[in-house]
Amino acid sequence: MSFDCADPRRLAEFWCIALGYEAVDVDDDEAFIGPSGGGNGLYFQRVPERKVVKNRVHLDLRPPRSMAAEVERLRDAGATDHRFVEEGGSFWTIMLDPEGNEFCVLRGPEDGWSPDRWA
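Residues numbered from 1 in each chain as written. Predicted model: local features only at pLDDT ≥ 70, side-chain atom pairs only at ≥ 80, totals over all residues. Heavy atoms only, no water.

Looking at this structure, how should I read the nonpolar core?
If you look at soluble globular proteins, the nonpolar side chains tend to sit buried side by side. Counting residues in each nonpolar core, the largest one holds 22 residues, and the members touching the most others are Phe14, Trp15, Phe44, Leu74 and Phe103. Elements represented by at least two residues in this core include exactly strand E1 (2–5), helix H1 (8–19), strand E3 (30–34), strand E4 (42–46), strand E5 (59–61), helix H2 (67–77) and strand E8 (102–105). Setting aside chain neighbours within four positions, we find Trp15 in contact with Gly20, Ile33, Leu42, Phe44, Leu59, Leu61, Asp97 and Phe103. (Core = buried A, V, L, I, M, F, W, Y, C linked by side-chain atoms within 4.5 Å. Buried < 20%, exposed > 50% of the residue type's maximum accessible area, 1.4 Å probe, protein only. Helix = DSSP H or I, 4+ residues; strand = E, 2+ residues; numbered from the N terminus. Contact = heavy atoms within 4.5 Å.)

What exactly am I supposed to notice about the side chain of Arg107 here?
Turning to its location among the elements, Arg107 is positioned in the segment after E8. A distance of 3.3 Å separates the side chain of Arg107 from the side chain of Ser90, its partner in a polar contact. (Polar contact = N/O pair within 3.5 Å; in protein donor to acceptor, adjacent residues only side chain to side chain.)

Looking at this structure, how should I read the sheet that holds E3?
Taken together, four strands build an open sheet; the order of strands is E1-E4-E3-E2 and the sheet is mixed. Each having just a single partner strand, E1 and strand E2 (22–26) make up the two edges of the open sheet. Across the sheet, the mean angle separating the axes of adjacent strands is 20° when strand polarity is ignored. Note: E3 against E4, four bridges, orientation antiparallel. Bridge pairing links Ala31 to Phe44 in E4. Across the sheet, H1 lies against E1, E2, E3 and E4, angled at about 160° from E4, the strand it touches most. (Pairing = 2+ DSSP bridges. Axes fitted to C-alpha atoms, helices over the stretch in contact; angles between N-to-C directions.)

For this particular structure, what's the right way to read the pairing of E4?
The two faces of the sheet receive side chains in turn, since in a regular strand these alternate between them. Across four bridges, the pairing between E1 and E4 is parallel. Residue pairing in the sheet places Asp4 in a bridge with Gln45 of E4.

Any chance you could explain the sheet that holds E8 here in plain terms?
The strand order across the open sheet built from four strands is E5-E8-E7-E6, with neighbouring strands paired in mixed fashion. Every interior strand has two partners, whereas the edge strands, E5 and strand E6 (80–87), have only one. Sheet twist, expressed as the average angle between the axes of neighbouring strands with direction ignored, equals 25°. Two strands pair when backbone bridges link them, and E6 and strand E7 (residues 90–96) are joined in this way by seven bridges, in the antiparallel orientation. Each bridged residue has a counterpart across the sheet, and for Arg83 the counterpart in E7 is Ile94. H2 rests against E5, E6, E7 and E8 of the sheet, and its axis sits at about 0° to E7.

Teacher, can you tell me more about the layout of surface pockets here?
One water molecule sets the probe size; rolling that probe over the atoms shows where empty space is left. The calculated volume of the largest pocket comes to roughly 540 Å³. If you go around the largest pocket, you meet 20 residues; those closest to its centre are Asp4, Arg50, Lys51, Asn55 and Asn101. (1 Å grid on protein atoms, 1.4 Å probe; cavity = no way out; pocket = protein on both sides within 12 Å on 5 of 7 lines; lining within 4 Å. Points joined across faces, edges and corners; volume = space filled by probe spheres on them.)

Take a look at the structure:
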């Protein structure tokens with residue numbers, strides 16, 4: 001997945017923290033991060049224009065503990081809250097990365113989510 005951005009280095013740093021990924025190749029114009037040991041990653045490329053509309057694709061993050069703890073951790077890394085959603089018996093938080101890209105933090109095990117329901 002690729003992200004157009006103003007500051008590839010800053011977004012790579014944020015998403016490394018958010019996903020537990022490692023920086024593979026980073027400079028002022030582009031950056032690639034991925035999971036330890038290889039695999040699919042994220043690519044960030046500098047573009048001159050700013051983000052002006054909602055992203056058509058976004059990441060959903062399932063926290064290892066609770067949604068509240070993950071939201072706090074991501075705020076500390078540079079994300080901001082966009083809005084809280086409660087719908088269809090579930091809930092999640094929509095957040096913005098440092099350049100305004102939307103992503104969702106879903107319920108975690110401490111919030112009553114169980115992977116067995118989806119197995």
